[in-house]
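One-letter residues, chain by chain:
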Amino acid sequence: MTTVFDHAWMTGLFGDKRVAEHLSAEVQLAHMLRIEAAHSRSLGNESAARAIEATRIGPEDLTEGTATDGVPVPQLVRCLKAQISPELHRDIHRGLTSQDVMDTALVLSLKDILPIFRHGLIVLQADLAQLTQAHGGAALMGRTRMQAALPITVADRLATWRMPLERHLARLDEICARVLCVQCGGPVGLGAGGAALAAQLGLAAPDKSWHAMRDGFAELASWLSLVSGSLGKMGMDISLMTQQGVDEIRLRAGGSSSAMPHKQNPILAELLVTLARYNSVQLGGIHQALIHEQERSGAAWALEWMILPAMLHSAARGLTAAQELLAQVETIGS
């Protein structure tokens, strides 16, 4: 077993195929090759760019080099030069560093992934609006500190699930402007030419290389945890509402028990709680990755590789699970 996001059967519960595809080794390698070609082109060497685009390199070609060098890019450059005429070598990777290539490759994946979140939030808002229209006038007992308080309506409770989603969408617009930036700083972050590369890749050009300024990714991770947390609140509410004796919501489907056939477990509601708690725990690790020594850190940077992709998986799966869960609702309230 590697992680629950890509395990043979656990991925059926935890995995998100769209995020997995955009973060796969094949896609990341394609992005790195695209970056190298675009950079050679920005240096005015169209021949080198076309030669890079014509190479045939697979993820397996980078495995041993990554183990030795700590990053895949030195081996990538060696593979490129092995397949390209020596007279074109000068403008392959010239002025770039490994972090430029890897950071920008991740940003290119994020450029494809973040619209998935936007769409998921919009769809979930519509699902909640439809549920409110169908059941919003029904009565519920308002509960504070898990004790009966005063009567409310279903619409009152659904509003606490829906309204944070609007704010998450607004935050996403702001985050995209700060995160979808090219990295083109060179060895110590002083490199120029980022604007030309950014234009070719459809990314923004930052005022300065962000090699050691990781607040953009930390902000994205915080946003992912906020989204997961809002979905977790929904999942917790539904888990409690399905309890025998409370019976405030009825679902069309649930998980079966191997020992108790009469049970119908609220699996998706529980999953939302699990994913929210997982992302909240990972957030501390990403904040540790803010602490880069001097102009670049190997240790802090590598920590991002371990944590941020898993947070993307978790938040994306939460959005699809929430949609699936709301589609199971038969009745709410009384």
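1. Section: the environment of A134
- Within the secondary structure layout, A134 lies in helix α7 (residues 98-135).
- Considering only alpha carbons, one finds A134 and D6, 128 residues apart in sequence, at a separation of 37 Å.

2. Here we look at helix α3 (residues 25-42)
- With 18 residues, α3 ought to run about 26 Å at 1.5 Å a step, and its terminal C-alpha atoms sit 25 Å apart, in line with that.
- Turning to α3, its buried residues number three or more, namely Q28, L29, H31, M32, L33, I35, E36, A37, A38, H39 and S40.
- At its buried positions, α3 is contacted by α2 (17-22), α4 (46-54), α6 (73-83), α7 and α9 (194-201).
- Positive backbone phi, approximately 90°, marks G44, located one or two places after α3.

3. As for the nonpolar core
- Grouped together as the largest cluster of nonpolar side chains are 95 residues, with contacts concentrated most on M32, F117, W223, L224, M234 and L312.
- Of all the elements, α7 adds the most residues to this core, at 14 residues.
- Ignoring anything within four residues of it in the chain, the contact list for W223 reads F117, L121, H168, R171, L172 and I175.

4. Quick look at unusual backbone geometry
- Here the phi dihedral of R145 falls at roughly 55°; this positive angle occurs in a residue that is not glycine.
- Turning to its location among the elements, R145 is positioned in the loop between β1 (139-144) and β2 (147-153).
- Residue R145 is classed as exposed on the basis of its relative accessible area, which comes to 81%.
- The phi dihedral of Q294 is positive, around 50°, even though this residue is not glycine.
- Secondary-structure assignment places Q294 in the loop between α11 (267-288) and α12 (298-327).
- Given a relative accessible area of 63%, Q294 falls into the exposed group.

5. With respect to the packing of aromatic side chains
- Applying the stated criterion across every chain yields a total of four aromatic pairs.
- Look at F5 and Y278: their rings are 5.8 Å apart centre to centre, the planes differ by 70°, and that puts the pair in the edge-to-face class. Here F5 is found in the segment before α1 (11-14), whereas its partner Y278 is found in helix α11, with 273 residues between them in sequence.
- Note on F5: relative accessible area 8%, which makes it buried.
- Look at Y278 and you get partly exposed, because its relative accessible area is 30%.
- Plain terms: the ring middles of W210 and F217 are 5.3 Å apart, the flat faces sit at 75° to each other, and that makes the pair edge-to-face. Neither W210 nor F217 differs from the other in exposure class; each is buried.

The rules we used
- Residues numbered from 1 in each chain as written.
- Predicted model: local features only at pLDDT ≥ 70, side-chain atom pairs only at ≥ 80, totals over all residues.
- Heavy atoms only, no water.
- Helix = DSSP H or I, 4+ residues; strand = E, 2+ residues; numbered from the N terminus.
- Expected span 1.5 Å × (residues − 1).
- Buried < 20%, exposed > 50% of the residue type's maximum accessible area, 1.4 Å probe, protein only.
- Contact = heavy atoms within 4.5 Å.
- Core = buried A, V, L, I, M, F, W, Y, C linked by side-chain atoms within 4.5 Å.
- Phe/Tyr/Trp six-rings, centres within 6.5 Å; stacked < 30°, edge-to-face > 60°.

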